[in-house]
Amino acid sequence: MNAKKLLRSSHFYLIPPIIPNPSRRAHRFISFLGPSILATKTSVINSYCERYMLNEARQLFDEIPERDVVAWTAMITGYTSCGRHHQAWMLFRNMTREESVEPNSFTISSVLKACKGLESCPSGAMVHGLAIKYGLDGSLYVENTLMDMYATCSASMDEACMVFHQMHMTNEVSWTTMITAYTHRGDGFSGLRVFRHMLQEEVELNPYSCSIAIRACAATGYYSFGKQIRALVIKYGLESNLPIGNSIVDMYCRCHSLSEANQYFLEMFQRDLTTWNTLIAGFERSGSIGSLYIFSQMVSQGLSPNCFTFTSLAAACASMTVLSSGQQVHGGIIRRGFERNLALANALLDMYAKCGNIADSYKIFSEMPLRDVVSWTSMMIGYGTHGYGKEAIGLFDQMVDSGIRPDEVVFVGVLSACSHAGLVGEGLKYFNSMVTGYGITPNQEIYGCVVDLLGRAGKVREAYELIENMPFKPDESVWGALLGACKAYGDSNLGRVAAQNLLDLRPSCTETYVILSNIYAADGKWGEFAKTRKLIRRMGDRKEAGRSWIEVRNEVYTFVVGEKVGPHIELVYRALKILVQQMKEAGYVPDSDYLLYDF
DNA sequence: TTCAGCAATG
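Everything numeric here is computed off the predicted structure, so don't read it as measured data.

**Side note on the nonpolar core**
Within the largest apolar cluster, 168 residues are counted, with the highest numbers of intra-cluster contacts made by I45, M380, F411 and L482. Two domains each donate at least three residues to this core, and these are domain 1 (382-442) and domain 2 (444-544). If we ignore the near neighbours within four places in the chain, the residues touching L482 are V451, V460, A463, Y464, I467, L494 and A498.

**Overview of the protein's contact with DNA strand B**
Near DNA strand B lie 51 residues; those nearest to it are R215, N246, R254, N341 and N346. Here the atoms of DNA strand B within 4 Å of the protein split so that 48% fall in sugar or phosphate, with bases taking the remainder. At 2.5 Å, a side-chain N or O of N346 approaches a base oxygen of DNA strand B. Backbone polar atom of E445 to a base oxygen of DNA strand B: 3.5 Å apart, as the coordinates give it. Residue composition of the surface near DNA strand B, grouped by class: 16 nonpolar, 21 polar and 14 charged.

**Focus on the packing of helix α5 (residues 69-81) against helix α6 (residues 85-98)**
Contact geometry for α5 and α6: axes closest at 7 Å, N-to-C directions at 160 degrees. Comparing their axes, α6 and α5 come out roughly antiparallel. Every pair of crossing elements has a handedness; the one defined by α5 and α6 is left-handed. Between α5 and α6, the residues in contact are V69, W72, M75, I76, Y79 and T80 and H85, Q87, A88, L91, F92, N94 and M95, respectively.

**What to know about the packing of helix α23 (residues 373-385) against helix α24 (residues 389-401)**
One can describe the packing of α23 onto α24 by two numbers: an axis separation of 8 Å at closest approach and a directional angle of 165 degrees. Judged by the angle between their axes, α23 and α24 are roughly antiparallel. Considering how the two elements wind past one another, α23 and α24 form a crossing that is left-handed. Facing α23, whose interface residues are V373, W376, M379, M380, Y383 and G384, α24 presents E391, A392, L395, F396, Q398 and M399. Among the residues forming the contact of α23 with α24, the class breakdown is nine nonpolar, two polar and one charged.

**What about the UniProt feature "repeat: PPR" (unreviewed entry) in chain A?**
In the numbering used here, UniProt assigns the "repeat: PPR" (unreviewed entry) feature to residues 68-103, 171-205, 272-305 and 372-406. In this annotation, residues 68-103 is assigned 75% helix and 0% strand; the end-to-end C-alpha distance for the span is 10 Å. In this annotation, residues 272-305 is assigned 71% helix and 0% strand; the end-to-end C-alpha distance for the span is 11 Å.

Scoring rules and cut-offs
- Residues numbered from 1 in each chain as written.
- Chains lettered and ligands numbered in written order.
- Predicted model: local features only at pLDDT ≥ 70, side-chain atom pairs only at ≥ 80, totals over all residues.
- Heavy atoms only, no water.
- Core = buried A, V, L, I, M, F, W, Y, C linked by side-chain atoms within 4.5 Å.
- Buried < 20%, exposed > 50% of the residue type's maximum accessible area, 1.4 Å probe, protein only.
- Domains from an automatic or database assignment.
- Contact = heavy atoms within 4.5 Å.
- Near = heavy atom within 4 Å.
- Polar contact = N/O pair within 3.5 Å; in protein donor to acceptor, adjacent residues only side chain to side chain.
- Nonpolar A, V, L, I, M, F, W, Y, C, P; charged D, E, K, R; others polar.
- Axes fitted to C-alpha atoms, helices over the stretch in contact; angles between N-to-C directions.
- Helix = DSSP H or I, 4+ residues; strand = E, 2+ residues; numbered from the N terminus.
- Parallel < 35°, antiparallel > 145°, perpendicular 65-115°, else oblique.
- Left-handed = near helix turned anticlockwise from the far one by under 90°.
- UniProt positions renumbered as here; feature names shortened; annotations may be inferred.

Below you can see the structure in the form of structure tokens.
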């Protein structure tokens, strides 16, 4: 039945909410109706909002002479459910401040969702205050949305926990909200603690809490608990629930069990696009080329890729440095009009940078309508690895100017860019600004970068002093950076200290012994060199051979030192000979210090 | 109230 027929129907006043397709004529008709049918108009507002026709809904709302709290709430809820949080908030303020309409529990929970969307804790706290004032804070519905708002907007979980502990009655939604909040904040262990508590309290198990608990297992790597939850899922007959199944696939992938993930995937009763995307992303994270095969299977089954699929594909092309495949992925994205998706654009610009095409990487970056911290970091690291240290630093400053707060990863990016470009002073300036300007405590990785920065510039002693003054025990990354610097500058005394510390942390690492023996050899300490070599021989372990690869005409060729098999290998060696000859003619003197002693 | 994607030095 269309709107016209519906409006002509004598039953119209009895069945107002079902309007399949409200038209402008219908709107004009409704506007003629008097204030006596306020409830009808409110229902029509709801119908408009359900169909994302917010302008029509608002026009009708504005035309109502005496609006009650239900009409206000319908409009606020409409805005919130369509993601127009700011408009929902403004309308709520209008309602309470100017029109002095008293909110009910529906209004409060709806506007709390808007506060959550705006990530505005002060607004949420104000609504909390109003809820107390009007005695609505005892409603389970209000309490659950309050908890969700605080958990999303506040820096800590304190407020959400306080609401939760003060509740006289909780339901499965309250518990699930708490588990979700912890898990989404990256504290999966606390999420699982709440889930365990929920089981002890014998709260009814539902698909929501199960899937988020499995997600928490995936995030923490708590594989055994994940398997226990899977058993519970079977016991309660929830196996056919798709989000649960998808979470299980994700958990197997993140717990490094791709074969189990694949097996479970094949056994699933039903799969959706998320299932496929989960498996593709899982294989991609593990660096498996399988991600591309799974994608082709997905397409052959008639499924259409979305932004999530393409993001994983772009990341796969980046880690495998296959530019032509990456370009095909880019083409697919343009054809489907997904270019404006932020995470996808970030993945693409990273792909181009990793595949050596920094110009296209910057093109994507410059054309992005919106950038987040990941966009800036990816571009910065791209510039840094291509030798554009100054440009990388420039991006850092621009990023800060644009109002984005740097995180640890940004500092790793800017420090490594400084390190490669020999910008020691600049790098130290950024390092010092971390605590003073941004309140970020440097972690092991950051210290490793600064040690590398100093070490590459020949300031090996300063690097060691920095390590000695670190506020925590240095880990492998820090000592590894120092050992690298000692190798580059032939400092055998500090090299021994670095190697010893590294070996204390990982005693069976042959590579450390190899580097140390080379440092001794370069420093002419042949006695120490012989001793270290003997140790390596006794360990009987060989260093893993480095492998290079190149993509030529859609084929990837790999090479290992000394390899004599494979297609066109004679041609490769002939070309290499010519190149070496040309390098010598150009005046290149090879650094053969380590050539004799390497394995 | 649940499930899928993007950045890290040595």
